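Examining the three-dimensional arrangement
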Amino acid sequence: MSEKGLILILSTYGAYLKALVFLFCQKKKTKLHGKWPKIFSFFATRPDHGDCSVVVILSHGTWRNGDEVYGVCGEPEGGDTLNFNSVLEMFGKQKAPALKNKPKLFIVQACRGSKTDFGVSRDKPDSGFNDKETSHLKPMTALSVAQDESDAQPVVLPMKEKDPDLGDSIVCRSTMPGYKSWRNEVRGSWFIQSLIEVFMNNAHRDNILELLTEVNCLVARRYQALGAKQMPVFESSLIKAMYFNPAAEE
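Just so it is clear, the structure is predicted and the values come from calculations on it, not from any experiment.

Okay, the side chain of Lys229 next. Within the secondary structure, Lys229 sits in the loop between helix 6 (208–222) and strand 9 (233–236). Salt bridges are absent for the buried Lys229, whose nearest opposite-charge side chain, Asp117, sits at 8.4 Å. A polar atom in the side chain of Lys229 sits 2.7 Å from the backbone oxygen of Ala220. In this structure Lys229 touches Asp117, Phe118, Gly119, Trp182, Trp190, Ala220, Arg221, Tyr223 and Gln224, once residues within four positions along its chain are discounted.

Looking now at the sheet that holds strand 3 (residues 68–70). Reading across from one edge, 2-3-4 is the order of the three strands in this open sheet, with antiparallel pairing throughout. Taken across any chain shown, the strands that pair with only one partner, and hence form the sheet edges, are strand 2 (61–62) and strand 4 (81–83).

Here we take up the pairing of strand 5 (residues 104–109). Within strand 5, six of the six residues are buried, leaving the element largely enclosed by the surrounding structure. Pairing of strand 1 (residues 53–58) with strand 5 involves six bridges; the strand directions are parallel. In the strand pairing of strand 5, Val56 is matched with Ile107. In terms of strand pairing, strand 5 meets strand 6 (residues 169–173) through five bridges, oriented parallel. Each bridged residue has a counterpart across the sheet, and for Lys104 the counterpart in strand 6 is Ser169.

This paragraph deals with the packing of helix 5 (residues 190–202) against helix 6. Direction vectors running N to C along helix 5 and helix 6 enclose 135°, while the axes themselves pass 9 Å from each other. Overall, the two elements helix 5 and helix 6 adopt an arrangement that is oblique. Both helix 5 and helix 6 take part in a crossing whose hand is right-handed. Packed against helix 5, whose contacting residues are Trp190, Phe191, Ser194, Leu195, Glu197, Val198, Phe199 and Asn202, the element helix 6 presents Ile208, Leu211, Leu212, Glu214, Val215, Leu218, Val219 and Arg222 at the interface. Tallied by class, residues from the contact of helix 5 with helix 6 come to eleven nonpolar, two polar and three charged.

Here we take up unusual backbone geometry. A positive phi angle, close to 65°, is found at Asn101, a residue other than glycine. Exposure remark for Asn101: the relative accessible area of 48% places this residue in the partly exposed category. Located in the positive-phi region is Asp168, a residue other than glycine, with phi close to 65°. For Asp168, a relative accessible area of 8% translates into the label buried.

In spatial order, the strands read 1-5-6-9; together these four strands make up an open sheet with mixed pairing. Bordering the open sheet on either side are strand 1 and strand 9, each of which pairs with just one other strand. For this sheet, the mean inter-axis angle between neighbouring strands, taken without regard to orientation, is 10°. Contacts from helix 6 reach strand 5, strand 6 and strand 9 within the one sheet, and its direction differs from that of strand 9 by about 165°.

It is worth spelling out helix 5 at this point. Over its 13 residues, helix 5 extends 18 Å from the first C-alpha to the last, a length consistent with the 18 Å expected when each residue adds 1.5 Å. Burial analysis of helix 5 places ten of its 13 residues in the buried class, which makes it a mostly covered element. All of the buried residues in helix 5 are Trp190, Phe191, Ile192, Gln193, Ser194, Leu195, Ile196, Val198, Phe199 and Asn202.

About the thresholds
- The numbering scheme is per chain: residues are counted from 1 as the chain's sequence reads.
- For this predicted model, a pLDDT threshold of at least 70 governs which residues receive local features, and a threshold of 80 or more governs which side-chain atom pairs are given and counted, while totals over whole chains, interfaces and linings are taken from all residues.
- To get the side-chain values, take all heavy atoms of the structure and skip hydrogens and water.
- What counts as a helix is a DSSP run of H or I of at least four residues, what counts as a strand is a run of E of at least two, and both are numbered from the N terminus.
- With a 1.4 Å probe rolled over the protein chains alone, any residue whose accessible area is under 20% of its type maximum counts as buried; one over 50% counts as exposed, and the rest are partly exposed.
- Positive charges come from Lys and Arg, negative ones from Asp and Glu, while His and the chain ends are left out of the count.
- Whenever Lys or Arg places a side-chain nitrogen within 4 Å of a carboxyl oxygen from Asp or Glu, that contact is recorded as a salt bridge.
- Under this definition, polar contacts are N or O atom pairs within 3.5 Å; protein pairs additionally need one hydrogen-donor-capable and one acceptor-capable atom, and for neighbouring residues in sequence, both atoms have to be side-chain atoms.
- Contacts: residue pairs with any heavy atoms within 4.5 Å of one another.
- The pairing criterion is simple: DSSP has to find at least two bridges between the two strands.
- Geometry is summarised by axes, namely lines fitted to C-alpha atoms with helices restricted to the contacting stretch, and by angles between N-to-C directions that run from 0 to 180 degrees.
- Between 65 and 115 degrees an angle is taken as roughly perpendicular, under 35 as roughly parallel, over 145 as roughly antiparallel, and anywhere else as oblique.
- By definition, turning the near helix anticlockwise from the far helix through less than a right angle yields a left-handed crossing, and turning it clockwise yields a right-handed one.
- Lys, Arg, Asp and Glu make up the charged group, whereas Ala, Val, Leu, Ile, Met, Phe, Trp, Tyr, Cys and Pro make up the nonpolar group; the residues left over, Gly among them, are polar.
- Helix span is expected to be 1.5 Å times the residue number reduced by one.

Spelled out as structure tokens, the structure:
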């Protein structure tokens, strides 16, 4: 994908993108030699971030040592890789103070292993969640939580309100852990196609969790190749609803 193509894709999200940092491999097997951490750190520590940040990674990947993204164009054997968890740490409140309490969206299009999801037959309509099945569950209160214990000697510290360092982020990945991610050579990956379609049609109305649930549904229902299916997944540590452009219809 060209830089112009990626800018066009991102501009359809309905969000004003103040700063974009691009890194493209112009030649096959062009190694990055440790440039990944520096580039992500440069972006994360910018002092002029707007209301949120969006990081898009389009590459090949593997499940070696957890989620890893290849640092070359192609599928290297023992080539440069970047562990995605290290990227998340760069956007924590301590290392990226300008993004403190601001939503951070990570979109990762990459394989996460070599398994293929061949799906199962769809023989009856979907059944929704039954509220009665969970109505007996009660929320855990401070009085019902057991006191934390440790074999070490207790350390008495003054109580001070804190926030988690790595909160306020949402990570959406094109496939489940250990599985392949599919793409069409002409139209692009199933995941990115669906994400663009859903965001273009509904970003003015729905919050990010609703949008990504719609993307999951679209990929799961629409696409199939050589009998194979694909299931995207997202993880959220947001503490507030995130909207890209809620005033677009006005």
